[in-house]
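Working through the structure, step by step
The primary structure of each chain is shown beneath.
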Amino acid sequence: MTLPAISVRSLVKRFGTATVLQDIDLDVPEGKVSCLIGPSGSGKSTLLRCLAFLEEASEGMITVNGEALGFFENAKGERERLPAGQIRAVRAQIGMVFQQFNLWPHMTALGNVSEALKTVHKVPKAEAEERAMVQLAKVGLANRAGHYPSQLSGGQQQRVAIARALALSPKIMLFDEPTSALDPELTGEVLNVMRELAAEGMTMVVVSHEIGFAATVGHQISFLDQGRLLFTGAPSEIFAKPRHPRLEQFLDTYLDRGASMLA
Amino acid sequence: MIFDPNVILKHLPEIISGTGVTLALWIAGMLLGILIGFIVATLRRYGGRAVDLPLGFVVEVLRGTPFLIQIFLVYYGGPFVGLSLDPVPCGLLGLSVYAAAYYSEIFRAGYASVPHGHVEAGECLGLSRLQIIRRILLPEMALIVLPPSVNLAVILLKESAVLSIITVPELTTTVSAIGSQEYAFLEAIFLLAVIYWVIVEAAARLGRLAETRLSTFRFAAS
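- As recorded by an unreviewed UniProt entry, chain B carries the name Amino acid ABC transporter permease and is attributed to Rhizobium straminoryzae.
- You can read under Sequence similarities (unreviewed entry) in the UniProt record for chain B the words "Belongs to the binding-protein-dependent transport system permease family. HisMQ subfamily."

- The name that an unreviewed UniProt entry assigns to chain A is Amino acid ABC transporter ATP-binding protein, with the source organism given as Rhizobium straminoryzae.
- Per UniProt, chain A has the following entry under Sequence similarities (unreviewed entry): "Belongs to the ABC transporter superfamily."

Written as C-alpha cells, this is what we have:
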C-alpha cells in the first residue's frame with residue numbers, strides 16, 4: 001500500500017472548553033477523492049481547516065506525504081511546533097477552496113490567480129500571467145480574465161478560486177463546502193470542474209452537502225457526527241447499506257429529498 | 001469699525017509665511033500621524049494582548065484629553081523630564097502624536113473591515129504576513145479608511161491653530177499679531193477664517209477626487 005497523502009492521528013480540536021473534534025484518525029489516499037459528510041456542526045469543516053493549518057489541532061498529528069504538518073513528536077514523545085519555514089513548505093503542497101470563494105475584490109480574475117506566483121514565488125509578471133491563463137482556461141474562464149470578482153457570477157468566482165489554488169500546482173486540494181454559497185443552477189459548473197480534477201487524479205478532500213457528488217465521484221466517504229468520525233468507507237458501503245444508525249438517519253433526510261436513486 | 005483690506009495687503013509677506021508654516025506643520029503632522037497610526041494599529045492587531053492593551057490605553061488617553069492640554073503638557077512639562085523642545089518641533093511632535101491616536105483607530109476599523117477569509121486565502125497560498133498587509137489588507141481597506149482620513153485631516157488643520165499658544169509662528173499666531181499691531185481685529189479674524197476654510201475646502205475636494213479615482217480603479221462597477 002502506498003503512503004497516504006494525508007494521515008491524521010488522534011486529532012483533537014478544542015475551542016476554549018468546547019471539544020469540536022475528538023480522536024480523529026483518517027487516511028486520505030493519494031489520487032483519490034475523499035469526502036467528509038455529516039450534519040452541520042459535526043466538525044467536518046473544522047477538520048478540513050486543520051488539514052489546511054488554518055486551525056491548529058489541540059492534540060494529535062497530521063502528516064502530509066510523510067511530512068509533519070505544524071507539529072511533530074520529538075525524541076521525548078512531546079508535541080513540538082515546527083519552525084515557520086517548514087510549516088510553509090508543507091502547506092505549499094495543499095490548495096484550499098472556500099465556501100465564500102474569498103477572492104480579492106481589488107484584483108481581476110487574472111490578478112487573483114497570478115498573485116501568489118508573483119509575490120510568493122517571484123515568477124516574472126508575464127510568465128505568472130501566462131501560467132494563470134492556463135489555469136483560467138482549464139476552469140473555462142479564459143475569456144473572463146480581466147473581470148473583477150464583482151463582475152462574475154458566484155459559480156464563476158468559485159472557478160476562479162479553484163484556478164487560483166491550482167496555479168501553485170498543489171499535490172492535494174481541499175474543498176470546504178465549495179457549492180454551499182451557490183444557487184442550484186450554478187453548483188453544476190463548479191462540480192464539473194471538480195469532476196475533471198478528480199479524473200486527472202488529483203488528491204482531493206471535499207466537505208460537502210452534495211451527497212450526489214460524494215456518491216458518484218468520491219472514492220472514500222467519512223461520516224462525522226458531534227466531533228467524532230463515526231465511519232469511513234467506500235461510497236457503496238456508505239450509501240447502499242448504512243451500518244451506523246446515526247448515518248442511516250442522516251442519509252434518510254437526503255433520501256427523503258429525492259436522492260433515493262443513489263441507494 | 002471699518003473693514004480695511006489694506007491691512008492685509010500691507011502684511012502679505014508675513015501672512016504667506018504664516019500660511020506656509022501652518023501648511024508644513026499640518027502636512028508633516030498628518031503624514032507622521034498616518035505612519036505612526038498605521039504602525040500602532042498593526043502592532044495592536046498582531047502583537048497580542050501584551051501589546052494591544054498598553055497601546056490601547058495610550059490611544060484612549062490621547063483621544064480623551066484636549067489637544068490644548070496635551071500641547072501645554074509637552075511644552076511646559078517636557079523640560080521636567082528632559083524634553084526641552086522649541087515651539088516648532090514641539091508643535092510637530094504634539095500634532096503627529098495626536099493625529100496618530102486617531103489614525104490608529106481608523107486603520108483598526110480598516111483592518112476589521114476586510115473579511116478574514118481574504119486573509120486566510122492569502123495564508124493558504126503562502127503569502128507572508130507582510131505580503132498580506134501590503135497586497136490584500138491595505139488595498140482592500142483603502143476605500144474604507146479614505147473618507148474618515150480626509151475628515152481627520154480637516155480637523156487636524158483646524159486643531160493646528162492651537163499651536164499659536166506655544167508661539168509657533170503659524171497662521172493664527174501671525175495674523176493675530178498683525179491684528180493687535182494694527183488694531184484690526186475683525187480683519188484678522190475674518191482673514192483667518194477665510195484662509196482655513198479655503199485650505200479645508202481644497203483638502204476635501206482632493207479627498208473626494210481620490211475616492212472617485214480609487215473606487216473606479218479598484219472595484220470596477222458591476
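1. Some points on the overall build of chain A
- Regarding its fold elements, chain A presents 9 helices and 12 strands.
- In terms of overall size, chain A behaves like a compact globule, its C-alpha atoms giving a radius of gyration of 19 Å where 263 residues would be expected to give roughly 18 Å.
- A principal-axis box enclosing the C-alpha atoms of chain A has dimensions of 55 × 55 × 40 Å.
- Within chain A, counting contacts between residues at least 6 apart in sequence, those at least 24 apart form 63% of the total.
- Counting only carbon and sulfur atoms, one obtains 49% of the accessible surface of chain A, whose full area is about 11,300 Å².

2. Let's talk about the pairing of strand 1 (residues 6–15) of chain A
All names here are of chain A.
- In the sheet, strand 1 pairs with strand 2 (residues 18–28) via 7 bridges, with the strands oriented antiparallel. By the bridge assignment for strand 2, I6 is matched with V28.
- Between strand 1 and strand 2, which pair antiparallel one after the other, the connecting turn spans 2 residues, and G16 there sits at a positive phi close to 60°.
- Here strand 1 pairs with strand 4 (residues 59–64) via 5 bridges, running antiparallel. Among the inter-strand pairings, R9 is bridged to a residue of strand 4, identified as M61.

Rules and cut-offs
Residues numbered from 1 in each chain as written. Chains lettered and ligands numbered in written order. Predicted model: local features only at pLDDT ≥ 70, side-chain atom pairs only at ≥ 80, totals over all residues. Heavy atoms only, no water. UniProt positions renumbered as here; feature names shortened; annotations may be inferred. Helix = DSSP H or I, 4+ residues; strand = E, 2+ residues; numbered from the N terminus. Rg over C-alpha atoms; globule rule 2.2 N^0.38 Å. Contact = heavy atoms within 4.5 Å. Areas by Shrake-Rupley, 256 points an atom, 1.4 Å probe, with all protein chains shown as cover. Pairing = 2+ DSSP bridges.

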